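So you can see what is in the structure, the chains are spelled out below.
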Amino acid sequence: MTQRAEIEPGGSEPGGGGPGGAAIDAGAELDPVHPVRPPAPRFKPAGLTTAEVAERVARGAVNDVPVRSSRSTADIVRANVFTRFNAIIGVLWVVMLIVAPLQDSLFGYVIIANTGIGIIQEMRAKKTLDSLAVIGEAKPSVRRDGRTAEISTSEIVLDDVIELGPGDKVVVDGSVGEAEGLEIDESLLTGEADPVLKKPGDPVMSGSFVVAGGGAFTATKVGREAYAAQLAEEATRFTLVHSELRSGISTILKYVTWMMIPTSIGLIISQLVVKDNNLKDAIARTVGGIVPMIPEGLVLLTSVAFAIGVIRLGRKQCLVQELPAIEGLARVDVVCLDKTGTLTEGGMDVTALRPLGGAQDAYVKKVLGALGESDPRPNASLQAIIDAYPDSAEWRCTESLPFSSARKYSGASFSEGDGENNTWLLGAPDVLLPAGDPALDEINELNEQGLRVLLLARAARELDDPAVGAGAKPTALIVLEQRLRPDAADTLRYFEEQKVHAKVISGDNAVSVGAVAGKLGLPGAENTVDARRMPTDQADMAKVLDENAVFGRVTPQQKRDMVGALQSKGHTVAMTGDGVNDVLALKDADIGVSMGSGSEATRAVAQIVLLNNSFSTLPSVVAEGRRVIGNITRVATLFLTKTVYSVLLAILVVCFQVEYPFLPRHLTLLSTLTIGIPAFFLALAPNKERARPHFVKRVMRYAIPGGVIAAVATFVTYLLARHHYSGPEALQAETSAATLTLFLTSMWVLVIIARPYTWWRVALVGAMGGAFLIVLVVPWLQEFFELKLVGTEMPWTAVAVAAAASALIELTFRWVNRKFPA
């Protein structure tokens, strides 16, 4: 279980390479499951010299993998400009510029403006993400010229000597040169959960991480040659895919495309037949029927809403490594919290030292000081002990056992200078002591106060014995006080109000964890569960998890199993953590949230990194996701109602063999006032509604009946107007009446979608109605849009039809809400 490397300066390990630090052959492939070990390079403890680094940089042997936190500028422009619907609208726009007046080509300028807005917002989001990524970037420790310094991963060169400690991610492939109980988890590469003990000469692969011990390795593959380079690039790239919201919109757009094709063909043929004496007017009205079928602004608004969400969260030092994480966290109904670093601050203070079995206080302090000195990378508990009892005895450490979350203890053997040789263990009392030990009663009392207790015990066996803890003699209790995060109670209260169940999952003593959770007001904190007695069956584990809120003595593998058990019950699970013991659970959770000060491995697998280390930022992320999802669901109903009524109007025109009632200018005006401008404001408004699944179903259950009623009402008005008006100006009067009905009906859909009302929502709806009224009464606007209400009978008939249609839409929406709740 332990390993101490003894390497002479300038020497080499057995099987080492030739002089000059030759690297592993770049062509040698390492299979993560059954690695074929090439000759190990010569290990240089002092690292490369400045001249050697410069020589490698000159020949390009640098770790130059272009990992980005956001899409490139070219990708953003391409994604916003070259879309299926932009292509369709672009062709139609060119046609209209040729055959029709400028006002019938307005829809093309609207698309250009929308695309420009989308590009600008995503570029702003990119700038935010890139700046945050620099702040949160891992800085591996590299030895050069005999000194250790932190550098960017992109500055690592071939043959660099890189130091490793608990929680560090292996950033390039290499060969171990020094190992001090070095245990590496390769589960992210191989799927094997058990850590691998590494010895000098063993290979290490990028993408794995250290769970215990420390050491150093020589970089043998850098850049794109490293095993996990491509995986790392993909995993950390800003993405707009794999979310229910975007996949739902894609599904809708696919169906819209298939509906458009036959409808458009039928409309083209019918208009050419009906308007056989006026080709240009036939083309204009055909285009007027096709353009509104396209929900062109829906994808734009989704991208803009997400991009603005990234910018807002960026201002709060929250790095969103995968864009759908904003949406995902809004859907979360269970959040699993690691106590240390999440509910409590990372630091601790020693409040008491209680010797046991007649041990001398001064001697115990010497042992604790020596244990602190033996670990080059102490965790928070050991750091508190080091601060309280600095090493003053000149004892020689002969062997050490680093702390492991799976073991729950660390240890070291010392030659104490007076001929005495002892092995000491420091860790969880309930792990090191047998059940029923008298000391456990006192420990439980301390745990109930929310204090953390460690046991110092003299081992009866050698450190490399797998059962080294058996028979250990209790020597002292070290009482530590954890610092509660001042904002943790408010954050837990927020989750309770939002019906998000919080589960505290910790490796600490269950009673102590429960006491801390109780101080913070977590519901159910009094019912604690010791994970060592948890069932292993997934269904049984899920039942225990549903019934309880606090779990202690949880191993890293159990954390992962708990996440899986909750997911098996249909829960959407978020996992927060900052330690290496949280990595597996973070990776498997629907959303992984890491603290910025957490280990390099946790930041690498998390979708969201809280760079300010503030747990209180989480409600902001949840709220941002809910705003995006809730608002996009609202505005999608507006866009798809337009698509439905446009398709149905085209079908009715084909069936009745009449002229299409609208020119592109009419529907551009209607779309702008009833959808475009309102949707932009509604998409960015506050929205605390909890995200619900089945996006497509929830949108279409309103859009289909709303669109059908609007189309039928508009066509009825159009047919009535055709019978009412006659003469050369009849078509303009018929179009004006139909436009009035369609506008009023669409406005009522907007009125419903804008609920619940606030002053600005009422003002928004009122402004849109006022703008349409101005078009109807201002002479030059009447002429520009070819809208002029003739007489009084037909306009009032159009209003009456719209009122009846609006009432029917209101009743239908309420019935749908009761009959088909989503």
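Residues numbered from 1 in each chain as written. Predicted model: local features only at pLDDT ≥ 70, side-chain atom pairs only at ≥ 80, totals over all residues. Heavy atoms only, no water.

Trainee: Give me the pattern of salt bridges: which residues, what numbers.
Mentor: Enumeration over the complete set of coordinates arrives at 29 salt bridges. Here Asp582 ties to Lys559 by a salt bridge, and the two come within 2.5 Å at their closest N and O atoms. Taken together, the positions of Asp582 in the loop between β19 (573-577) and α19 (583-588) and Lys559 in helix α18 (residues 556-568) put the pair 23 residues apart, joining distant regions of the chain. (Salt bridge = Lys/Arg side-chain N within 4 Å of Asp/Glu carboxyl O. Helix = DSSP H or I, 4+ residues; strand = E, 2+ residues; numbered from the N terminus.)

Trainee: I'd love a proper account of the side chain of Asn548, names of residues and values included.
Mentor: Looking at where Asn548 falls in the secondary structure, it is placed in the loop between α17 (538-547) and β18 (550-552). With relative accessibility at 16%, the residue Asn548 sits in the buried group. Beyond its immediate stretch of four places on either side in the chain, Asn548 contacts Lys503, Asn527 and Val529. (Buried < 20%, exposed > 50% of the residue type's maximum accessible area, 1.4 Å probe, protein only. Contact = heavy atoms within 4.5 Å.)

Trainee: So what about the packing of helix α23 (residues 695-724) against helix α24 (residues 730-753)? Which residues, and what values?
Mentor: At a closest axis distance of 8 Å, the pairing of α23 and α24 adopts a crossing angle of 155 degrees. Considering the angle they form, α23 stands roughly antiparallel to α24. Considering only the axes of α23 and α24, their crossing is right-handed. Between α23 and α24, the contacting residues are Ala710, Ala713, Thr714, Thr717, Tyr718, Ala721 and Arg722 on the first element and Leu731, Glu734, Ala737, Ala738, Thr741, Leu742 and Thr745 on the second. When its residues are assigned to classes, the contact of α23 with α24 shows 8 nonpolar, 4 polar and 2 charged. (Axes fitted to C-alpha atoms, helices over the stretch in contact; angles between N-to-C directions. Parallel < 35°, antiparallel > 145°, perpendicular 65-115°, else oblique. Left-handed = near helix turned anticlockwise from the far one by under 90°. Nonpolar A, V, L, I, M, F, W, Y, C, P; charged D, E, K, R; others polar.)

Trainee: I'd love a proper account of unusual backbone geometry, names of residues and values included.
Mentor: Look at the link from Arg755 to Pro756: it is a cis peptide, with omega at -5 degrees. Residue position: Pro756 is located in the loop between α24 and α25 (759-777).

Trainee: Which residues make up the packing of helix α9 (residues 296-314) against helix α21 (residues 618-656), and what are the values?
Mentor: Running from N to C, α9 and α21 point in directions that differ by 165 degrees, and their axes come no closer than 10 Å. Comparing their axes, α21 and α9 come out roughly antiparallel. Note on packing geometry: the crossing formed by α9 with α21 is right-handed. For the pair formed by α9 and α21, the contact residues are Glu296, Gly297, Leu298, Leu301, Thr302, Ala305, Phe306, Ile308, Gly309, Arg312 and Leu313 on the first element and Ser620, Val621, Glu624, Arg627, Val628, Ile632, Val635, Ala636, Phe639 and Lys642 on the second. Classifying every residue of the contact of α9 with α21 by side-chain character gives 12 nonpolar, 4 polar and 5 charged.

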